[in-house]
Amino acid sequence: MSGINVMIVDDSAVVRQVLSGLLNDAPGIHVSYAVANPLLAIDRMKVQWPDVIVLDVEMPKMDGITFLRKIMAERPTPVVICSTLTEKGAQTSMEALSAGAVAIITKPRLDLKQFLHDSADELISAVRAAAGARVGKLINRPAPPPVTAKLNADAVLPPLDSRPMTTTTERVVAIGTSTGGTQALEEVLTALPRVAPGIVVVQHMPEKFTAAFAARLDSVCQVRVKEAANNDRVLQGQVLIAPGGKHMLLRRTGAQYFVEVVDGPLVNRHRPSVDVLFRSAARAAGANALGVIMTGMGDDGAAGLLEMLKAGARTVAQDEASCVVYGMPKEAVKRGAVEKSMPLNLIYREILQQLSY
């Protein structure tokens, strides 16, 4: 990608300076404006409309959510949220994702300059992914009503158990997604009844944000949704979301499945990694599993989905037309890991078919 014009909107002069330096140093990215509040941003956008906006959500004069909604109503534009690692920041960022933001990057209250430099690759990747995102697919969806350095996954996975895999009545669905995935997951999960098979999910998301994301999904789904904890059982009617900053593996004891939540190195530049989940599902569940890969940038999950297919699992990818970013599914298809591709609004049917196998 080349020629990405970025606008930074953040009330911290240090953040504006550091983000501008990191992005201007990246090939094909240029910061056109860095301003302190949305009112100044609106003024600058009359002169030049950016390709991507990096936006703080807590600012004086006009908050970031109000500004985001104004942009999406006037001219939908890719927005990357730059949020603090706090519970309040997480809740506000969930609102931003629901309003059409593409991704979240985080900033701590202390050691900001060093942190942002350490997270330069994540920032640049987020901006590139946002520039290629089809933002129109993130907005104007009716809200569901409430219901009352690339490492191999072997760096995290335990040694392969050579015991033969047997078919059981317990079924499990493993889902992996990234950019655009928060909205895609909401569409899939809200369509499921309470009797849905047990589901485990990796959504690329920063630490502290997955709990708020799970809570939001739980409030609009018939299935129960929670942030996974170590040794949680995989149960029918329940969805476990991998915690940000941790890998999640599927394990098996007898005919029952549970998750292991562990530390470990970044895999495919991510923690949690879809490849780690999928490869563990191949080993623990084999033909008892369904693997689903959805919208996202990069190739995380492609190798793991192929391993699931070779172990006898069914595999599905979200099709290009319904993806915000057709990166992860495209790579999985390219590697021969996908049995079938389908629109987002039909994926829930494949999940329910797990109950009949």
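Rules used in this analysis
- Residues numbered from 1 in each chain as written.
- Predicted model: local features only at pLDDT ≥ 70, side-chain atom pairs only at ≥ 80, totals over all residues.
- Heavy atoms only, no water.
- UniProt positions renumbered as here; feature names shortened; annotations may be inferred.
- Helix = DSSP H or I, 4+ residues; strand = E, 2+ residues; numbered from the N terminus.
- Buried < 20%, exposed > 50% of the residue type's maximum accessible area, 1.4 Å probe, protein only.
- Areas by Shrake-Rupley, 256 points an atom, 1.4 Å probe, with all protein chains shown as cover.
- Pairing = 2+ DSSP bridges.
- Axes fitted to C-alpha atoms, helices over the stretch in contact; angles between N-to-C directions.
- Contact = heavy atoms within 4.5 Å.
- Right-handed = clockwise from strand over helix to strand, strands pointing away.
- Salt bridge = Lys/Arg side-chain N within 4 Å of Asp/Glu carboxyl O.

The chain appears in an unreviewed UniProt entry as Protein-glutamate methylesterase/protein-glutamine glutaminase from Pseudoduganella danionis. Its UniProt record gives the chain the following Sequence similarities (unreviewed entry) comment, quoted word for word: "Belongs to the CheB family."

A word on the overall build of the chain. Along the backbone of the chain there are 12 helices and 14 strands. By the burial criterion, 57% of the 357 residues in the chain qualify as buried. Summed over all atoms, the accessible surface of the chain reaches about 14800 Å², with 51% contributed by carbon and sulfur.

So, on to the sheet that holds strand β1 (residues 4-9). Each strand in a sheet pairs with its neighbour through backbone hydrogen bonds, running either in the same direction (parallel) or in the opposite one (antiparallel). Pairing is parallel across the open sheet formed by 5 strands, whose spatial order is β2-β1-β3-β4-β5. Each edge of the open sheet is held by one strand with a lone partner, namely β2 (29-35) and β5 (103-107). Averaged over all adjacent pairs, the angle separating strand axes in this sheet is 25 degrees, with direction ignored. Across 6 bridges, β1 lies against β2 in parallel orientation.

Okay, the UniProt feature "active site" (unreviewed entry) in the chain next. Mapped onto the present numbering, the UniProt feature "active site" (unreviewed entry) falls at Ser178, His204 and Asp300. In summary, the annotated positions, though distributed over 123 residues, converge in three dimensions, the widest C-alpha pair being only 9.8 Å. Examined against the element boundaries, His204 turns out to sit in the loop between β7 (198-203) and α8 (209-220). Contact partners of His204, with chain neighbours within four places excluded, come to Thr177, Ser178, His270, Pro272, Val274, Asp300 and Met328. Within the fold, Asp300 resides in the loop between β12 (289-293) and α10 (302-310). What makes Asp300 buried here is its relative accessible area of 2%.

Positionally, Ser20 belongs in helix α1 (residues 13-24). Ser20 has contacts with Ile8, Val31 and Ala34, leaving out every residue within four places of it along the chain.

Let's shift gears to the pairing of strand β13 (residues 314-318). Of all 5 residues in β13, 5 are buried, a share of seventy percent or more. Side chains Arg314, Val316 and Gln318 of β13 all project onto a buried face; the interleaved residues Thr315 and Ala317 project onto the opposite face, where all are buried too. Both β12 and β13 contribute to a ladder of 4 bridges, which runs parallel. Its bridge partner lying in β13, Ile293 is registered against Ala317. A crossover links β12 with its parallel partner β13, the connecting element being α10, and its sense is right-handed. Inspection of the sheet shows β13 paired to strand β14 (residues 340-342) by 3 bridges, in the parallel sense. Among the inter-strand pairings, Gln318 is bridged to a residue of β14, identified as Met342. Handedness of the crossover joining β13 and β14 through helix α11 (residues 328-334): right-handed.

Taken as a whole and assessed by the stated rule, the structure comprises 11 salt bridges. The salt bridge partner of Arg251 is Glu260, with a shortest N-O separation of 2.4 Å. Judged by its relative accessible area of 22%, Glu260 is partly exposed. One salt bridge connects Arg283 with Glu307, and the closest N-O pair in it is separated by 3.8 Å. In this pair, Arg283 is assigned in helix α9 (residues 274-284) and Glu307 in helix α10, connecting sequence segments 24 residues apart. Among the residues examined, Glu307 registers a relative accessible area of 25% and is labelled partly exposed. If you follow the salt bridges from partner to partner, you end up with Arg279, Arg283 and Glu307 in one network.

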